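# Observations on the model geometry
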Amino acid sequence: MNRRHPHILETLTLDGLPEHAVPAFEQALQTVCLTVAYFKDDPTDTWRLEAVRETGVGDEELLPALFLAGAMSGIEQPELLRAPVEADGWLARTVEAFPEQEIGGRFVIRPTHVENPVTRGKIVLKLDAGLAFGSGEHGSTRGCLIGFEGMAHRRPRRILDIGTGSGILAMAAAKQLKRRVLATDIEPWSVRITADNAAMNGLRNQIRAKLADGWRHPAVHGGRYDLVFANILARPLCSMAKDLADHLAPRGTAILAGLLGRQVRMVLAAHRRAGLVLERRIDQGDWSALVLRKR
Ligand SMILES: C[S@@+](CC[C@H](N)C(=O)[O-])C[C@H]1O[C@@H](n2cnc3c(N)ncnc32)[C@H](O)[C@@H]1O
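Cut-offs applied
- Residues numbered from 1 in each chain as written.
- Predicted model: local features only at pLDDT ≥ 70, side-chain atom pairs only at ≥ 80, totals over all residues.
- Buried ≥ 20, exposed ≤ 12 C-beta atoms within 10 Å, placed from the backbone.
- Helix = DSSP H or I, 4+ residues; strand = E, 2+ residues; numbered from the N terminus.
- Pairing = 2+ DSSP bridges.
- Right-handed = clockwise from strand over helix to strand, strands pointing away.
- UniProt positions renumbered as here; feature names shortened; annotations may be inferred.
- Contact = placed C-beta atoms within 7 Å.
- Near = placed C-beta within 6 Å.
- Nonpolar A, V, L, I, M, F, W, Y, C, P; charged D, E, K, R; others polar.
- Axes fitted to C-alpha atoms, helices over the stretch in contact; angles between N-to-C directions.

## Quick notes on the pairing of strand β9 (residues 181–185)
A large share of β9 lies buried, amounting to 5 of its 5 residues. Here β9 shows a buried face lined by V181, A183 and D185 and a second buried face lined by L182 and T184. Pairing of strand β8 (residues 159–162) with β9, which is carried by 4 bridges, proceeds in the parallel orientation. The partner of D161 across the bridge, within β9, is A183. Read from β8 through helix α6 (residues 168–177) to β9, the crossover connection turns out right-handed. When β9 meets strand β10 (residues 207–211), the two strands line up parallel, connected through 5 bridges. The residue bridging D185 from the neighbouring strand is L211, located in β10.

## Let's talk about the UniProt feature "binding site: S-adenosyl-L-methionine" (unreviewed entry) in the chain
UniProt records the feature "binding site: S-adenosyl-L-methionine" (unreviewed entry) for T141, G163, D185 and N231 in the present numbering. Tracing the sequence through the fold places T141 in helix α5 (residues 139–151). Given 27 C-beta atoms within 10 Å, T141 falls into the buried group. Beyond its immediate chain neighbours, meaning those up to four positions away, T141 contacts G134, G136, I168 and N231. Structurally, D185 can be placed in strand β9. Residue class for D185 comes out buried when judged on the 27 C-beta atoms lying within 10 Å of it. When near neighbours in sequence (up to four residues on either side) are disregarded, D185 contacts G163, T164, G165, S190, V191, T194 and L211.

## Brief notes about the site of the ligand
Around the ligand sit 23 residues in total, of which G134, T141, G163, G165 and N231 are the nearest. Counting only elements with at least two residues in the shell around the ligand, the list comes to α5, α6 and β9. For the shell around the ligand, the leading source of residues is α5, giving 3 residues. Within the shell around the ligand, the residues separate by chemical class into 9 nonpolar, 11 polar and 3 charged.

## Some words on the sheet that holds strand β11 (residues 225–231)
Read from one edge to the other, the open sheet built from 7 strands follows the order β10-β9-β8-β11-β12-β14-β13, with strand pairing classed as mixed. Of all the strands in the sheet, just β10 and β13 (276–284) have a single pairing partner and so form its edges. Direction aside, the axes of adjacent strands within the sheet are offset by 15° on average. In terms of strand pairing, strand β12 (residues 248–260) meets strand β14 (residues 287–294) through 7 bridges, oriented antiparallel. Paired with L259 across the strands is S288, a residue of β14. Across the sheet, α5 lies against β11, β12, β13 and β14, angled at about 35° from β14, the strand it touches most.

Dropping the structure here:
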C-alpha cells in the first residue's frame, strides 16, 4: 500500500446491524469519523460497520448520534467496540474486501491488487479502499459518477470537487474530460491521499488537491465553475447553496450527493431558492444524488 497513516487512529465497530438500520448508523458514524466500511455478516445476514477516526475525538457528538440512530431504527443499541487501527489490520482487510467495480457505462474502479486486463472503451480509475471515503462502493459516489456520465458531453471546463475524499470524482472528471480539477477536503489526509491517487493514475498535473472547508478558501472562492461536485451531507449542502449558485457559471452544473430519503426535498428546496433547477435525480440504494443546473 502506498499510504502513510498517522497512528493516532482507531476503528469503531458496530456489529449485528439489521439492514434497515445501516443508513442511520452510518450517518451517525460520519459525524466524527473519516470513513465507514461495510461488511455483510454471513450467515446471519446482518451488517458490521467499521469506521475510523482520530482516537477519542468527538464522543460527545457520536454517542447521542448513535443513540438516536438506534431509536430511529427501532433496535437495541449495539455495542461500540474500539481498537487501534494498526493493531486490528483494518486497512488490510478493507483493501482485500474491495473488488473491481463497474459504475454506469463508462467507469471501472480497479484496486491495485487486481491485475490490469485491457479494458476497451472504459475509463479505469486505480484506487484502493483506504482512510479517505470514495472507493466507489457507496451509493452516493455511484450516483455522482452516473450523474456525471450523463452530463459529460457538455464538456465543462472549470471543475471543482468539494469533499473529494479519495479523489474519485475529481479523477473521473479529469480522465474523461482531460481537464484540470480543483479537489478540496477538510481532512488533511484526504488531501494527501487524493494527491497520491492522482499521481498513481497519471493525473498529477490535472488535479490540484487543497485543504479547504466548503467555499471558505480563496482558491475555491475566487473561482467560477462549469461543474461542481459536492458529495457531503445534507445540512452543509443546504448552508452552501448560495455560494454554490454564486460561483456556478450560467448553465453550469452541480452534482450533489450524500442524501438519504427525506433530505432530498430539503436540499432541493434550498437550491431552488438559490436559483438552481433540478435536471436529474439518481437513486442508488438508500442514497440519492441530484444533478442541478443554473438557469
Ligand atoms: C461522503 S465523502 C465523499 C468522497 C468522494 N467525493 C466520493 O464521492 O466518494 C465526503 C467528504 O467530504 C469531506 N467534507 C465534509 N465536509 C466538508 C466541507 N465542509 N468542506 C470540504 N470537505 C468536506 C469529508 O472529509 C469527506 O472526505
